Amino acid sequence: MGRILVIGAGGQLGTVLTNRLKEIYGEHQVIASDLRPIKAFTGLFELIDATDSGRIEEVVKQYEVEEVYHLAAILSANGEKNPLGTWEINMKTLFNVLEVSRLNGVKKVFYPSSIAVFGSEVEQQNTPQASFLNPSTVYGISKAAGENWAQYYFQKYGLDVRSLRYPGVIGYQSLPGGGTTDYAVDIYHKAVEEVSFSCFLEKDTTLPMIYMDDAIRATVELMQAPIESIKTRTSYNLAGMSFSPEEIAAAIKKIYPNFRITYEPDFRQQIAASWPQSIDDSRARDDWGWRPEYDLNTMTEDMIKNLKAKYSTSN
Ligand code: SER
């Protein structure tokens, strides 16, 4: 097996995925890369600004990379602050990865998409795979376009690009940056620190979410599946669980009965309202056997157990 390059290894998913790939394939098989040095990593690391295709190519050649995970992107909420800049960065980095891969013998590429590709035209419950996409954010527009480019590179050049439409990802290992679902990570930190939490969404805004363990396992299982199982070449719907801020707060209160939440919705409420409430991921289940393991309660127990351990060793 050739080497693996993770672009955006310092991000919320990248941090955990890089470590998991090292566990599976070996420390020296995985090259972590990011815009900035990452303190937490041992092992192979390269600085890569993914808007610079020459730099990606250099690293791909140097290590004879055969698999690329392209995790760098500007997320939904942050993206709205600079729409054209976000489009530019999200698309340019994708094109760079696709072209460098195509021209340098990379065999497989992972490209994350998102529930942000969906907009007002979809059924909000059990949103089907083959929905009409009218995303409300520039991030969502870039992911909807990106999915189609993924399919194009597969059909036109045979580049094996695989993709998941992640729901909001929740984990204790890393912090998200600039997404609309970030509240569902932050809330656990506040609970464990025993301070009250001000939520930027309304209490009844239900969104699809997934626990980090499940999100990482889905990624690895998708990438390891035999090529003939991958029948969706844009991006697979992926589901874990769905809940509202009020419901996650109730799950936390089972462990911290005094936990307090207040609601101060901001511009992110509008983004969340344009997204589905739950996702039909039957194609992922049928094609490569996807099954989530965590629900709101088991995730809450695991998050709190791990964050408590983290906070007690950092004090
Ligand atoms: N979690 C992401 C966001 O909120 C969705 O892909 O932007």
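Our subject is the structure listed above.
Residues numbered from 1 in each chain as written. Predicted model: local features only at pLDDT ≥ 70, side-chain atom pairs only at ≥ 80, totals over all residues. Heavy atoms only, no water.

1. Here we look at the overall build of the protein chain
The condition that has to hold: Working definition: helices are DSSP H or I runs of at least four residues, strands are E runs of at least two. Numbering for both runs from the N terminus. Both definitions apply: the radius of gyration is a C-alpha atom measure, and the globule rule equals 2.2 Å times residues to the power 0.38. Only protein chains enter the area calculation, which uses a 1.4 Å probe; residues under 20% of their type maximum are buried, those over 50% are exposed, and those in between are partly exposed. Only heavy atoms matter for contacts: two residues are in contact if any of them lie within 4.5 Å across the pair. We get accessible surface area from the Shrake-Rupley algorithm with a probe of 1.4 Å; when it comes to residues, only the shown protein chains can shield them. Note on charges: Lys and Arg go in the positive column, Asp and Glu in the negative column, and His and the chain ends are not counted at all. Just so you know, the charge point we use is NZ for Lys, CZ for Arg, CG for Asp and CD for Glu.
Secondary structure assignment for the protein chain yields eleven helices and twelve strands. In terms of overall size, the protein chain behaves like a compact globule, its C-alpha atoms giving a radius of gyration of 19 Å where 315 residues would be expected to give roughly 20 Å. In terms of overall dimensions, the protein chain has a C-alpha envelope of 55 × 45 × 40 Å along the principal axes. Burial status across the protein chain gives 55% buried among its 315 residues. For the protein chain, long-range pairs separated by at least 24 residues make up 80% of all intrachain contacts whose partners lie at least 6 apart in sequence. Only carbon and sulfur atoms are counted for the fraction: they give 48% of the accessible area of the protein chain, which is about 13500 Å². The distance from the centre of the 31 positive side-chain charges to the centre of the 40 negative ones in the protein chain is 2 Å.

2. Quick look at the site of the ligand
The test is simple: For this description, a residue counts as near a given molecule or strand if any of its non-hydrogen atoms is within 4 Å of it. Any pair of N or O atoms that falls within 3.5 Å is considered a polar contact. Within protein, one atom must be able to donate a hydrogen and the other to accept it, and sequence-neighbouring residues count only if both atoms are side-chain atoms.
Around the ligand, the neighbouring residues are Leu75, Ser76, Ser114, Tyr139, Gly179, Thr180, Thr181 and Trp275. Within the side chain of serine 114, a nitrogen or oxygen atom sits 2.6 Å from an oxygen atom of the ligand. The backbone of threonine 180 places a nitrogen or oxygen atom 2.6 Å from an oxygen atom of the ligand. Summarising the interface, the protein chains cover 92% of the accessible area of the ligand, which totals 240 Å² for the free molecule.

3. A few points about the side chain of arginine 55
With respect to the secondary-structure elements, arginine 55 resides in helix 2 (residues 53-63). Of the residues examined, arginine 55 reaches a relative accessible area of 18% and is grouped as buried. Within the structure, arginine 55 has its side chain in polar contact with the backbone oxygen of leucine 47 (distance 2.8 Å). Apart from the residues within four sequence positions on either side, arginine 55 is in contact with Glu46, Leu47 and Ile48.

4. Brief notes about the packing of helix 2 against helix 4 (residues 83-103)
For clarity, the cut-off: What counts as an axis is a line fitted to C-alpha atoms, over the stretch in contact for a helix, and the angles between N-to-C directions run from 0 to 180 degrees. Under this scheme an angle from 65 to 115 degrees is roughly perpendicular, one under 35 degrees roughly parallel, and one over 145 degrees roughly antiparallel; angles in between are oblique. Crossing handedness: left-handed means the near helix sits turned counterclockwise from the far one by under a right angle, and right-handed means the same turn made clockwise.
Where helix 2 meets helix 4, the closest approach of the two axes is 9 Å, and the angle between their N-to-C directions is 40°. On the basis of the axis angle, helix 2 is oblique to helix 4. Considering the relative orientation of helix 2 and helix 4, their crossing is right-handed. In contact with Ser53, Ile56, Glu57 and Val60 of helix 2, helix 4 contributes Asn96, Val97 and Val100.

5. Details of the environment of lysine 92
Tracing the backbone shows lysine 92 in helix 4. Ignoring sequence-local partners within four residues, the contact set of lysine 92 consists of Ala50, Thr51 and Trp87.

This is a description of form; function is not addressed.
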